[in-house]
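Descriptive structure summary
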Amino acid sequence: MNTSTTTIAAPVTPPGCGGVGIVRVSGPLTTTIAKAVLGKVPRPRYATFCKFFAENKSIIDEGVALYFSAPNSFTGEDVLELQGHGGQVILDCVLQRVLSLGAIMARPGEFSERAFLNGKIDLTQAEAIVDLVNATTALGARNAMRSLQGEFSARIHSLVEQLIKLRTQIEAAIDFPEEELELLADGKIAEALTKLLTELKIIENTAQEGVVLREGITVVIAGKPNAGKSSLLNQLCGRDAAIVTPIPGTTRDIIRSFIQLDGLPIHLLDTAGLRDNPDTIESEGIARAWQEIKNADHLLVIVDGAAEKLRDPKKIVSEFASVMPEHAKITVVYNKIDLTFEAPQIKKQEQITSVYLAAKTGVGLDLLKKHLIASAGICDGSGGFSARRRHLEALRHAYDAILAATYVLKQNSLELVAEELTSAQKFLGTITGEFTSDDLLARIFSEFCLGK
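Definitions and cut-offs
- Residues numbered from 1 in each chain as written.
- Predicted model: local features only at pLDDT ≥ 70, side-chain atom pairs only at ≥ 80, totals over all residues.
- Heavy atoms only, no water.
- Core = buried A, V, L, I, M, F, W, Y, C linked by side-chain atoms within 4.5 Å.
- Buried < 20%, exposed > 50% of the residue type's maximum accessible area, 1.4 Å probe, protein only.
- Helix = DSSP H or I, 4+ residues; strand = E, 2+ residues; numbered from the N terminus.
- Contact = heavy atoms within 4.5 Å.
- Axes fitted to C-alpha atoms, helices over the stretch in contact; angles between N-to-C directions.
- Parallel < 35°, antiparallel > 145°, perpendicular 65-115°, else oblique.
- Nonpolar A, V, L, I, M, F, W, Y, C, P; charged D, E, K, R; others polar.
- Pairing = 2+ DSSP bridges.
- Left-handed = near helix turned anticlockwise from the far one by under 90°.

Some points on the nonpolar core
Among soluble globular proteins, nonpolar side chains are generally buried collectively. Among the nonpolar cores identified, the biggest contains 34 residues, and Ile156, Ile170, Leu193, Leu395, Ile402, Leu421 and Leu428 are the most heavily contacted of them. Elements with a minimum of two residues in this core: helix H6 (151-175), helix H8 (188-215), helix H14 (389-409) and helix H15 (414-432). Here the element with the most residues in this core is H14; it accounts for 9 residues. Leaving out residues up to four positions away in the same chain, leucine 428 has contacts with Ile156, Leu159, Val160, Leu163, Leu200, Leu395 and Ala398. Core analysis: the next-biggest nonpolar cluster, separate from the first, contains 28 residues, Leu213, Ala227, Val355 and Ile373 among them.

Right, dumping it as structure tokens:
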């Protein structure tokens with residue numbers, strides 16, 4: 001347990017007027033503050049109706065008090081919650097009264113940080129709290145709750161236990177050389193390493209889905225003027241987010257919208273039409289378009305099917321592929337099938353996907369939506385969990401360490417195998433917080449809102 005010498009307090013409810021306003025207190029002065037504000041220490045874990053007293057014994061407010069005695073609380077310390085009326089002035093008066101009794105204002109995330117330091121939650125669970133608060137989709141919220149309940153942690157701990165067991169066997173064989181030949185001969189180590197690699201890859205794939213659901217993907221719509229980019233944006237948004245006119249070059253700047261497709265968060269960007277010899281303002285819009293294209297997770301290249309002579313998807317994609325990230329995907333969208341009398345469809349040619357639709361009428365739009373979801377790698381979300389890019393990085397480092405262990409095993413070097421497994425264990429430990437740095441903790445908890 002981490003023994004804090006300070007008592008912290010903060011509003012739990014957001015600023016503004018509401019039915020209820022809550023001030024949370026945690027630390028060694030909690031019972032002293034309770035006696036001063038309430039006249040008593042409430043019965044632990046029971047809701048108690050109380051008056052909240054000022055220093056001169058006048059009544060500031062009245063409401064419900066909840067007291068949790070250490071270690072049976074969220075932070076592992078004595079915790080008091082004062083639940084009064086939700087007016088900002090009243091909330092501030094209650095908070096100032098608590099601060100006058102020796103508490104200090106909590107930093108954003110400090111309650112959760114104390115819960116982590118006191119062993120009430122691990123680091124993935126702490127991160128899941130802020131992910132749950134900030135979730136933009138129901139599926140993302142469910143994944144965050146799974147992580148908060150410890151599903152992600154349990155899978156990491158299972159891997160660590162396997163690593164520890166394997167290391168124990170290897171180190172015993174190093175200390176007792178006669179055991180080494182037996183281990184190498186029956187292939188137990190190689191088999192265990194292969195199993196670890198397989199499980200790591202499965203967890204990494206699930207974590208990747210969790211990252212996508214947490215952060216969303218950036219989908220950029222690009223193409224020549226009047227190809228139908230803004231019309232497609234409006235159809236995907238379900239509203240007139242962009243101005244649509246027959247005049248080429250109507251869109252001069254980046255138009256951003258946020259949408260959800262079956263739980264997948266998408267940051268959707270409409271860009272200026274790409275063409276030669278634009279005017280000064282349009283040139284800036286085109287430069288900004290290329291900048292967004294370079295950072296896109298998925299690029300939709302819109303082609304005017306009724307006017308564009310170039311229909312070869314490979315040649316169309318080649319103009320963009322060289323400037324985009326390796327992970328990015330490109331889809332060619334042949335628009336205006338209402339004029340070309342083509343059927344709505346999805347075609348795949350040389351690993352390039354093409355979607356045929358009519359942005360003006362919405363025909364074929366469902367095909368594009370399904371394609372965007374499928375290309376993001378989102379399944380039904382069952383068994384998923386919330387994850388972050390640092391988790392992916394740690395999982396990949398652990399995978400590389402175990403892969404290196406398989407190579408040195410072939411050279412019959414058990415000492416190096418043990419060393420690589422130790423590295424893998426440390427990388428996995430950074431996910432749950434067993435091995436971490438103060439800088440990492442400060443960065444993680446700074447993302448939290450006040451009162452969490």
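With respect to the packing of helix H9 (residues 229-237) against helix H13 (residues 365-375)
A pair of packed helices is captured by two measures, namely the crossing angle of their axes and the spacing between those axes. Direction vectors running N to C along H9 and H13 enclose 75°, while the axes themselves pass 11 Å from each other. The orientation of H9 relative to H13 falls into the category roughly perpendicular. Here Leu232, Gln235 and Leu236 of H9 come into contact with H13, specifically with Leu365, Leu368 and Lys369. Of the residues that constitute the contact of H9 with H13, the class distribution is 4 nonpolar, 1 polar and 1 charged.

Remarks on the sheet that holds strand S8 (residues 255-261)
One open sheet accounts for 7 strands, arranged S8-S9-S7-S10-S11-S13-S12; its pairing is mixed. Only two strands of the sheet have a single partner each, and these edge strands are S8 and strand S12 (345-349). In this sheet, neighbouring strand axes are inclined to one another by 25° on average, regardless of whether the strands run parallel or antiparallel. When S8 meets strand S9 (residues 264-270), the two strands line up antiparallel, connected through 7 bridges. Counterpart to arginine 256 in the pairing with S9 is leucine 269. The strands touched by H8 within the sheet are strand S7 (217-223) and S9, with S9 carrying the most contacts at an inclination of about 55°. Sheet strands in contact with H13 are S7, S8, S9, strand S10 (298-304), strand S11 (329-335), S12 and strand S13 (352-356), and its direction is about 155° off that of S10.

Examining the sheet that holds strand S1 (residues 8-11)
Spatial strand order, S3-S4-S5-S2-S1-S6: 6 strands in an open sheet with mixed pairing. Only two strands of the sheet have a single partner each, and these edge strands are strand S3 (48-53) and strand S6 (104-105). With respect to the sheet, helix H1 (residues 30-38) is in contact with strand S2 (21-26), S3, strand S4 (59-68) and strand S5 (79-84), its orientation differing from that of S3 by roughly 80°.

Notes on the packing of H6 against H15
It is at 9 Å that the axes of H6 and H15 come closest, and there the two elements cross at 160°. Here H6 is positioned roughly antiparallel relative to H15, judged by the angle of their axes. Two packed elements cross with a definite hand, and for H6 against H15 that hand is left-handed. Split by residue class, the contact of H6 with H15 holds 17 nonpolar, 5 polar and 2 charged.

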